[in-house]
Every structure is written in C-alpha cells, then in structure tokens.
Amino acid sequence: MRIKNYLKISSRLASSGQPAPEEFTHIAEDGYQVVINLSMPDSKTAITDEGYLVSSLGMSYIHIPVPFDAPDLSHLSLFSKAMDACSEHRVWVHCALNYRVSAFLYLYNRRTHKKTKEEAKRFTLPDWVPNETWSAFIESCEEEFENK
C-alpha cells in the first residue's frame, strides 16, 4: 500500500498516517473490519466525514482524539479498551503520521501483552524518533506499568 507511513504489523493489524478518502476503499477491500483514528478532528489532514466514509464501506469506526502535544493515560486507556474489544477483528489504526499510533501500539503491547521493549518496537514506525513530549509520555507510562 502507498498510504503514508503504512506498517503491516500482522495479518490482523496495520497502522499508518492519515489515509486519503479513496484509500479507505482499499483498506475495506483488504478485509479490515475496524478503523481506529487517533488524530485530532482539527488536524490539517483530517477528513471531516471520515466516520461516515468508513462506516459506509462496511467497517466500524472508533475515534479517540489524542492531542499530539498532550497525550495522557486516559487516551491510552480508551485505546487499550478499543483494541481489546476488537481483538477478533482486522484492525487498521491511524493518526496524522503514525507517530501517536506507534507510541500507543508500543505501550499497549508492553502493558497488555507483556512484550519486552524490543518485542514491542515491532509495533512502531521504524524511523520514528519520539520528541520530548512523547518520550516523557512513554517513559511515564512504562514506570506506571512497572509499579502495578
């Protein structure tokens, strides 16, 4: 696929940056059943009627807006619940550039599936280097996981 920052993680999971409207047709044709969007609705690449578009193609749509400059544990918790609820489905997760998604998939797999840091890195965009905000968020989440 040519979707920006596309990453096929497994037969049931893929991630990417923001797909173009016509690319959702390809996602549906590839058998994905659920689309989870972590972008903010006012993102410059956001599709105003994305939920309608995805639903009209026969897929379920979940939108968890995560501010790029202020992610928090409540966002990760909602994301984890959505991933758990969709565990038997083919899921496509996206945000603007696949940075938020990379962090959330990494943390979800660290906490929920008890993956090591190295194992969880396979769920992230290979060339993404988290900025200060995201590095601090990831580190604080991992500390919290260890204290539970």
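Anything mentioned here points back to the structure above.
These numbers were taken from a predicted model, which means no experiment stands behind them.

Draft legend 1. Expanded view of the overall build of the protein chain. Counting its secondary structure elements, the protein chain contains 6 helices and 5 strands. Starting at the N terminus and ending at the C terminus, the protein chain contains elements arranged as β-β-α-β-α-β-α-β-α-α-α. Relative to the globule expectation of 15 Å for 148 residues, the C-alpha radius of gyration of the protein chain, 14 Å, shows essentially globular dimensions. Dimensions of the protein chain along its principal axes, counting C-alpha atoms only, are 45 × 30 × 25 Å. For the protein chain, the residues scored as buried account for 45% of the 148 residues in total. In the protein chain, once contacts between residues fewer than 6 apart in sequence are set aside, the share between residues at least 24 apart is 74%.

Draft legend 2. Highlighting the environment of Leu125. Along the chain, the position of Leu125 falls in the loop between α5 (117-120) and α6 (132-146). What makes Leu125 buried here is its relative accessible area of 6%. The sequence separation of Leu125 and His26 amounts to 99 residues, and the corresponding C-alpha distance is 21 Å. Residues within four places of Leu125 in sequence aside, it is in contact with Asn5, Leu7, Leu97, Asn98, Tyr99 and Ser102.

Draft legend 3. View of the nonpolar core. Grouped together as the largest cluster of nonpolar side chains are 32 residues, with contacts concentrated most on Ile36, Leu38, Phe79, Met83, Val93 and Phe104. Those elements that provide at least two residues to this core are β3 (34-37), α3 (73-85), β5 (91-94), α4 (99-111) and α6. Broken down by element, the residue count for this core peaks at 7 residues, all from α4. In this view, Val93 contacts Leu13, Ala14, Ser15, Ser16, Ile36, Leu38, Phe79, Met83 and Val101; residues no more than four positions away in its chain are not counted. One finds Ile3, Ala14, Leu53 and Val54 within the second-largest nonpolar core, a separate group that totals 11 residues.

Draft legend 4. Representation of the packing of α4 against α6. It is at 11 Å that the axes of α4 and α6 come closest, and there the two elements cross at 10 degrees. Looking at the two axes, α4 sits roughly parallel to α6. Contacts from Arg100, Ala103, Phe104, Tyr106, Leu107, Arg110 and Arg111 of α4 reach α6 at Trp134, Phe137, Ile138, Cys141, Glu142, Phe145 and Glu146.

Cut-offs used in this document
Residues numbered from 1 in each chain as written. Predicted model: local features only at pLDDT ≥ 70, side-chain atom pairs only at ≥ 80, totals over all residues. Heavy atoms only, no water. Helix = DSSP H or I, 4+ residues; strand = E, 2+ residues; numbered from the N terminus. Rg over C-alpha atoms; globule rule 2.2 N^0.38 Å. Buried < 20%, exposed > 50% of the residue type's maximum accessible area, 1.4 Å probe, protein only. Contact = heavy atoms within 4.5 Å. Core = buried A, V, L, I, M, F, W, Y, C linked by side-chain atoms within 4.5 Å. Axes fitted to C-alpha atoms, helices over the stretch in contact; angles between N-to-C directions. Parallel < 35°, antiparallel > 145°, perpendicular 65-115°, else oblique.

Such coordinate-based values are descriptive only and should not be taken to indicate function.
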